[in-house]
Amino acid sequence: MNDIAIVLDRVSPVPLYHQLAQQLAAAIADGRLAKGSYLDNEIDLAVNWQVSRPTVRQAMQDLVERGLLVRRRGVGTQVVSDQVRRPVTLSSLHDDLRAQGRTSSTMVITHDRVVADAAIAADLEISPGSTVVYIERCRSADGRRLALMRNWLRLDVAGGLTTVQLSRTGLYQLLQANGVRPHSAAQRIGAVAASPTDAAMLGVPVGSALLTMRRVMSDDSGTPIEVGEHVYDAAHYSVEMAVFGA
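Every value quoted in this text rests on a predicted model; they were computed, and no experiment measured them.

## Considering the packing of helix α2 (residues 42–49) against helix α3 (residues 53–65)
Inference 1: At a minimum axis separation of 8 Å, α2 and α3 run at an interaxial angle of 110°. When the axes of α2 and α3 are compared, the pair comes out roughly perpendicular. Only R53, V56, R57 and M60 of α3 make contact with α2, whose side of the interface consists of E42, I43, L45, A46 and W49.
Inference 2: Classifying every residue of the contact of α2 with α3 by side-chain character gives six nonpolar, no polar and three charged.

## Examining the packing of helix α1 (residues 16–29) against α3
Inference 1: Closest axis-to-axis distance for the α1/α3 pair is 8 Å, and the angle between their directions is 50°. Regarding the angle of α1 to α3, the classification is oblique. When the axes of α1 and α3 are compared, the crossing they make is right-handed. The residues of α3 that touch α1, namely those facing L16, Y17, L20, A21, L24 and A25, are T55, V56, Q58, A59, M60, D62 and L63.
Inference 2: Taken together, the residues of the contact of α1 with α3 sort by class into 10 nonpolar, two polar and one charged.

## Examining the environment of V231
Inference 1: Of note, V231 is situated in strand β9 (residues 224–233).
Inference 2: We classify V231 as buried; its relative accessible area is 9%.
Inference 3: Note: C-alpha distance between V231 and G190 (41 residues apart in sequence) is 9.3 Å.
Inference 4: Discounting residues that sit within four places of it in the chain, V231 has contacts with L146, A147, L148, R150, D198, L202, L210, L211 and T212.

## Topic: the layout of surface pockets
Inference 1: Empty space within the largest pocket amounts to approximately 350 Å³.
Inference 2: In terms of lining, the largest pocket is formed by 24 residues, of which the most central are V64, V70, A209, A234 and A235.
Inference 3: Within the residue set of the lining of the largest pocket, elements represented by two or more residues are α3, β1 (69–72), β7 (182–193) and β8 (209–219).
Inference 4: Grouping the constituent residues of the lining of the largest pocket by class yields 13 nonpolar, five polar and six charged.

Rules and cut-offs
Residues numbered from 1 in each chain as written. Predicted model: local features only at pLDDT ≥ 70, side-chain atom pairs only at ≥ 80, totals over all residues. Heavy atoms only, no water. Axes fitted to C-alpha atoms, helices over the stretch in contact; angles between N-to-C directions. Helix = DSSP H or I, 4+ residues; strand = E, 2+ residues; numbered from the N terminus. Parallel < 35°, antiparallel > 145°, perpendicular 65-115°, else oblique. Contact = heavy atoms within 4.5 Å. Nonpolar A, V, L, I, M, F, W, Y, C, P; charged D, E, K, R; others polar. Left-handed = near helix turned anticlockwise from the far one by under 90°. Buried < 20%, exposed > 50% of the residue type's maximum accessible area, 1.4 Å probe, protein only. 1 Å grid on protein atoms, 1.4 Å probe; cavity = no way out; pocket = protein on both sides within 12 Å on 5 of 7 lines; lining within 4 Å. Points joined across faces, edges and corners; volume = space filled by probe spheres on them.

Below you can see the structure in the form of C-alpha cells.
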C-alpha cells in the first residue's frame, strides 16, 4: 500500500474520502493494487495518506459497497479477487462457471432420500411425509470454494440420479437429460452471516457475509419439482440483473 501514490486536493469541494476511494478504485482496476492483496490497517493508512481515520474508514466502506474490497473479522481488508457475476436466469451454477471459462468442481456432501417436512412438501405440492431426494453439494470455482447448495427434488424426477453424476454435471443438465424441462422459478435473494457450519464448509470466518438464494423451480407442465436453498461467499459472487424503466 505504501507504493500507491495518493494525491488529495484539500481545497476541492469533492470530499476527501471520495477522492481517496476513486484513486484506490483506479489502482485496483489497473493492477497496482493486486486482486487478493491485503490493505494495511486504518491507523497506518491514515498516517501514510495524512488524513483522519474516519476518512480512511469511509473510503474503505465505499469500496466495500462497490464490491472492490471485502472486510473479514480477524483477517483484515482485502482487494476482491475476480467475482463470479451471475445473471438471474434459470440455469445451473456449474454451467454458468464453465461458460465463463472457469474451472468448476463439485463435492457431494449428501445424496439421500429423506422425508419432506411441511415447508418442502408445500413448495413441491406433495403430501407431508412424502419421500424426496435431498442433495447437498459444495461448488468450487478455480479451486476456491464458492457455494453450498442444498436441493430437495420430487422422487419421480430425481430418483435415478447418482452421486457420481452430481459430482461431474450440473443438476439442471442432468434433469434435462432425463427428459425433465426446467421452465420457471420463484426465486428470492438475500443475505446472512455465515454460521459455524457454513463458514467451515466455505473456508471463511464465522459471521462473513453470504449471499442467499431460495428457489422453487417448476417444469414445463407447471409442476414444482425442485426446492433449492443456496449460500454463496459474497466476497467472490454477485448477481446481475437488467432493470427497465416504467
